[in-house]
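Analysis of the macromolecular model
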Amino acid sequence: MKTYEHISQFKSTLSTAVTIGTFDGVHIGHRKILERLINDAKNAGLKSTVLTFFPHPRMVLQKDTDIKLLNTLEEKIDILKELGLDYLIVQPFTREFSRLSATEFVRDILVNSLNTKKVIIGYDHRFGRNRNASIQDLIGFGSTLDFEVEEIPAQEIDDVSVSSTKIRNALADGDIATANDYLGYPYMLSGTVKSGKGLGKQFGFPTANIHISESYKLIPKKGVYVVKVQLGSQELFGMMNIGHNPTVSGKKKSIEVNLFEFEGDLYNKDITVKLLYRLRDEHKFDSVEQLQQQLQRDKQKSLELILKYNA
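What this report covers is the structure whose coordinates are included nearby. Only a predicted model underlies this, so the values are computations on that prediction, with no experimental measurement involved. Each chain carries its own residue numbering, running from 1 in the direction its sequence is written. Reporting in this predicted model follows two pLDDT cut-offs: at least 70 for local features of residues, and 80 or more for side-chain atom pairs to be given and counted; totals over whole chains, interfaces and linings ignore these cut-offs and use all residues. The basis for every side-chain value is the complete set of heavy atoms in the structure, and neither hydrogens nor water enter the calculation.

Focus: the overall build of the protein
Looking only at helices and strands, the protein features 11 helices and 12 strands. If you line up the protein on its principal axes, its C-alpha atoms span 75 × 40 × 35 Å. When burial is assessed residue by residue, the protein has 49% of its 311 residues classed as buried. Any two residues whose heavy atoms approach within 4.5 Å are treated as being in contact. Across the protein, contacts joining residues at least 24 apart in sequence account for 74% of those joining residues at least 6 apart. Taken as a whole, the protein presents about 15,800 Å² of accessible surface, with 46% of it coming from carbon and sulfur. Each charge class in the protein was averaged separately, 41 positive and 39 negative side chains, and the resulting centres sit 4 Å apart. Helix and strand labels come from DSSP, where a helix needs a run of H or I of at least four residues and a strand needs a run of E of at least two; each type is numbered from the N terminus. Relative accessibility thresholds used throughout: buried, under 20% of the residue-type maximum; exposed, over 50%; partly exposed, between the two (1.4 Å probe, protein chains only). Only the protein chains shown count as cover for residues, and all accessible areas are computed by the Shrake-Rupley method using a 1.4 Å probe. Only four residue types enter the charge count, namely Lys and Arg as positive and Asp and Glu as negative; His and the chain termini do not. One atom stands in for each charge, and that atom is NZ of Lys, CZ of Arg, CG of Asp or CD of Glu.

Shown next, in the form of C-alpha cells:
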C-alpha cells in the first residue's frame, strides 16, 4: 500500500476504485466496504484507493473538540496496510477543504486527481459543502463524468450492527469484549515508555509507564486489563492498570503495564498494548500488602486467560 499525505501528491495515471470516509477504528462494518473495494478493483483492473481525512472533520467543523478517536493516524494506517489496499490518501481536513461544493469535490478530487472509475460507498454517505449531496447526487455525477457508483445497501451494513460510536461507548463502559468483537481485533494503545515513580518495582510488580502523545486517543475505563504487548518484533503478555493508583495516593492518571517474563530496560521505547480482557475496577486498598495480594490474584487470573486466548 502506498500512502500519500495530501491529494496533491497523488500522481498515478492508473484508473482507481475509491471509497471515502474517516474509518475510525477500521471496524468490521468498515471492512465490509473495504473488502468489496479491493475485490471489485481487482476484478475490474483498477487500483483500490481509500480517501480518508485527518484531523477528524468533527474536530475542525464543530466545537466538539473533545471527541476521542479509536485510532491514532499511525494506527489506522497500519491497520489499513494489512488489508491489501493499493493506495491510501490522507487528506488534511481544513475549513477550506470543507467548503468544496459537491461539484468541485467530484470533478477536482475524484475525477481529475484520482482518475476514479468506480466509487464504492455506504448507503448513508453525504458529501460536499455542508454535506448537502447524497448518494443519488453522486450517481448523477457518475453518469455525466463516466464513473460507476456502487452503494453498499443499508441491510448489508446494518446486519453487522456496529458503529464507531458503539465501540467508543463500550470502551468507556469497560466492555472490552464487545469493543473487540466490533473492531475485529484487540483495542490498542500505542505510546512511549516514560519514567514513573517506580512504586510498582518496590512491591514486586515493576511497570512500564506508557505516555500517549495523541490527546484525541480514547483511553478505556479505569481498571485492570490483561494485555498483549508488541515491543519491536517481540510479543509479550502482561497486565495493565489505567487509573490513579489510589492505594499509594496517586494524583495523576496513568497507564502502567506489568510484563510477565520480561527483563530489560524499556525507557523511551515505543510499544503497542493490545487489550484482551478486563479483570476488575481500580480499587483503593487499606494497605500496600493488600494491594500486593490482589496483584498476585490478578496475575494468576491473567495467566489463566492468556492460556484461553492462546488455545
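Back to the write-up after that little detour.
Notes on the environment of phenylalanine 23
Within the secondary structure, phenylalanine 23 is located in the loop between strand S2 (16-20) and helix H1 (28-44). Taking the C-alpha atoms as reference, phenylalanine 23 lies 11 Å from leucine 73; in sequence the two are 50 residues apart.

Some words on the pairing of strand S4 (residues 87-92)
Of all the 6 residues making up S4, 5 are buried; the element is thus mostly covered by neighbouring parts of the structure. Strand pairing follows a simple DSSP-based rule, namely that at least 2 bridges must link the two strands. As paired elements, strand S1 (residues 2-4) and S4 share 3 bridges and run parallel to each other. Counterpart to tyrosine 4 in the pairing with S4 is isoleucine 89. Two elements, strand S3 (residues 47-54) and S4, share 6 bridges in a ladder whose sense is parallel. Within S4, the residue paired with phenylalanine 53 across the bridge is glutamine 91.

What about the pairing of strand S9 (residues 223-231)?
Most of S9 sits out of view: 8 of its 9 residues are buried. Turn length for the S9-strand S10 (residues 234-243) hairpin, with the two strands adjacent in sequence and antiparallel, is 2 residues, and the turn residue glycine 232 shows positive phi of about 65°. Looking at chain direction, S9 and strand S12 (residues 270-280) are connected through 7 bridges and run antiparallel. Residue pairing for S12: valine 227 is matched across the bridge by leucine 275.

Some details on helix H11 (residues 288-310)
Relative to the 33 Å expected for 23 residues at 1.5 Å per residue, H11 spans 32 Å between its end C-alpha atoms, a close match to the ideal helical length. Where H11 is buried, its residues contact S9, S10 and S12. Given the number of residues in a helix, its expected span is that number minus one, multiplied by 1.5 Å.

Re the packing of aromatic side chains
Ring pairs shown here join Phe, Tyr and Trp side chains whose ring centres sit within 6.5 Å, with only the six-membered ring taken for Trp; geometry is labelled stacked below 30 degrees between planes, edge-to-face above 60, and tilted in between. Evaluated as defined, the whole model comprises 10 aromatic pairs. With a centroid separation of 5.1 Å and 85° between ring planes, the pair formed by phenylalanine 10 and tyrosine 87 is classed as edge-to-face. In this pair, phenylalanine 10 is assigned in the loop between S1 and S2 and tyrosine 87 in strand S4, connecting sequence segments 77 residues apart. Under the relative-accessibility criterion, tyrosine 87 is labelled buried at 11%.

Section: the packing of helix H8 (residues 164-172) against helix H9 (residues 176-183)
Simply put, an axis is a line fit to the C-alpha atoms, just over the touching stretch for a helix, and the angle between two N-to-C directions goes from 0 to 180 degrees. Packing of H8 against H9 brings their axes to within 8 Å, and their N-to-C directions diverge by 155°. It follows from the interaxial angle that H8 and H9 lie roughly antiparallel. Handedness of the crossing formed by H8 with H9: left-handed. In contact with Lys166, Ile167, Ala170 and Leu171 of H8, H9 contributes Ile176, Thr178, Ala179, Tyr182 and Leu183. Polarity classes work like this: nonpolar for Ala, Val, Leu, Ile, Met, Phe, Trp, Tyr, Cys and Pro, charged for Asp, Glu, Lys and Arg, and polar for all others, with Gly in that last group. Classifying every residue of the contact of H8 with H9 by side-chain character gives 7 nonpolar, 1 polar and 1 charged. Geometric relationships in this document are graded by angle, where less than 35 degrees denotes roughly parallel, more than 145 denotes roughly antiparallel, 65 to 115 denotes roughly perpendicular, and other angles denote oblique. Helix crossings fall into two classes, left-handed where the near helix is turned counterclockwise from the far one by less than a right angle and right-handed where it is turned clockwise.

Concerning the sheet that holds S4
Across a sheet, strands are paired by hydrogen bonds formed along the backbone, either parallel or antiparallel in direction. Strand order across the open sheet formed by 6 strands is S1-S4-S3-S2-S5-S6, with parallel pairing between neighbours. Pairing within the sheet leaves two strands with one partner each, and these edge strands are S1 and strand S6 (148-152). Shown here is a sheet whose adjacent strand axes are inclined to one another by a mean of 20°, direction ignored. Pairing analysis gives 3 bridges linking S2 to strand S5 (residues 116-122), with the strands arranged parallel. What sits directly across from threonine 16, in S5, is threonine 116. The strands touched by H1 within the sheet are S2, S3, S5 and S6, with S3 carrying the most contacts at an inclination of about 145°.

Some points on empty space enclosed by the protein
Empty space among the atoms becomes apparent when a probe as large as a water molecule is rolled across them. A cavity here means a set of points on a 1 Å grid, drawn over the protein atoms and nothing else, where a 1.4 Å probe fits but cannot get out; a pocket is an open set with protein on both sides within 12 Å along at least five of seven lines, and a residue lines either one if it has an atom within 4 Å of a point. Grid points are joined across faces, edges and corners, and a volume is the space filled by probe spheres set on the points. According to the stated counting rule, one finds 1 cavity of 30 Å³ or more in the structure shown. The wall of the largest cavity is formed by Thr22, Asp24, Phe53, Phe54, His56, Leu69, Asn71, Thr72, Leu73 and Lys76. Put simply, the parts of the chain that give the lining of the largest cavity at least two residues each are S3 and helix H3 (73-82). Residues belonging to the lining of the largest cavity are distributed by class as follows: 4 nonpolar, 4 polar and 2 charged.

Description of the layout of surface pockets
What the largest pocket holds in volume is close to 1,300 Å³. When residues of the lining of the largest pocket are traced back to their parent elements, those giving at least two are S2, H1, helix H2 (57-61), helix H4 (95-98), S5, helix H7 (154-158) and H8.

Comments concerning the pattern of salt bridges
Just to be clear on terms, a salt bridge is a Lys or Arg side-chain nitrogen sitting within 4 Å of an Asp or Glu carboxyl oxygen. Enumeration according to the criterion identifies 11 salt bridges in this entry. Taking the shortest distance from any N to any O, the salt bridge between aspartate 40 and lysine 118 comes out at 3.0 Å. With aspartate 40 in helix H1 and lysine 118 in strand S5, this residue pair connects regions lying 78 residues apart in the sequence. Taking the relative accessible area as the measure of exposure, aspartate 40 reaches 16% and is therefore buried.

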